[in-house]
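What the coordinates show
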Amino acid sequence: GMWTKHTNYEEAVRIPLIIAAPGVTRPGTRTQALAETVDLYPTLSALAGLPEPVALEGRSLVPVLRDPQTATVRDHAYHAFPRQR
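Residues numbered from 1 in each chain as written. Predicted model: local features only at pLDDT ≥ 70, side-chain atom pairs only at ≥ 80, totals over all residues. Heavy atoms only, no water.

A word on the pattern of salt bridges. Within this structure, the stated rule accounts for 2 salt bridges. Through salt bridges with shared partners, one network takes in Glu 36, Asp 39 and Arg 74. (Salt bridge = Lys/Arg side-chain N within 4 Å of Asp/Glu carboxyl O.)

So, in structure tokens, the structure goes:
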């Protein structure tokens, strides 16, 4: 009864995340740094030069975009799938 994106197992929590930021990222680079989808808004805000958003759980991924091999913004990531009881 459990399959694909409906579980909290490894196969379900990995999603493709591709960010190309001219002048920041280098073509063909990749990273093993952890990221969550809540990190997208702070990242886009930082890339656009906007003030850092307040009261968000996400973190800007710009340090990782600049240095994909060593930079990190978090040491863990959360994933939860709501289930009906």
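With respect to the helices and strands, Glu 52 occurs in the loop between helix H2 (40–47) and helix H3 (62–66). Overall, the relative accessible area of 72% leaves Glu 52 in the exposed class. (Helix = DSSP H or I, 4+ residues; strand = E, 2+ residues; numbered from the N terminus. Buried < 20%, exposed > 50% of the residue type's maximum accessible area, 1.4 Å probe, protein only.)

Looking now at the side chain of Thr 43. As for its placement among the helices and strands, Thr 43 is situated in helix H2. With a relative accessible area of 1%, Thr 43 lands in the buried category. Apart from residues lying up to four places away in sequence, Thr 43 is in contact with Ile 19, Arg 59, Ser 60, Leu 61, Val 62 and Leu 65. (Contact = heavy atoms within 4.5 Å.)

It is worth spelling out unusual backbone geometry at this point. A positive phi angle, close to 60°, is found at Ala 55, a residue other than glycine. Tracing the sequence through the fold places Ala 55 in the loop between H2 and H3. The exposed category is assigned to Ala 55, whose relative accessible area is 82%.

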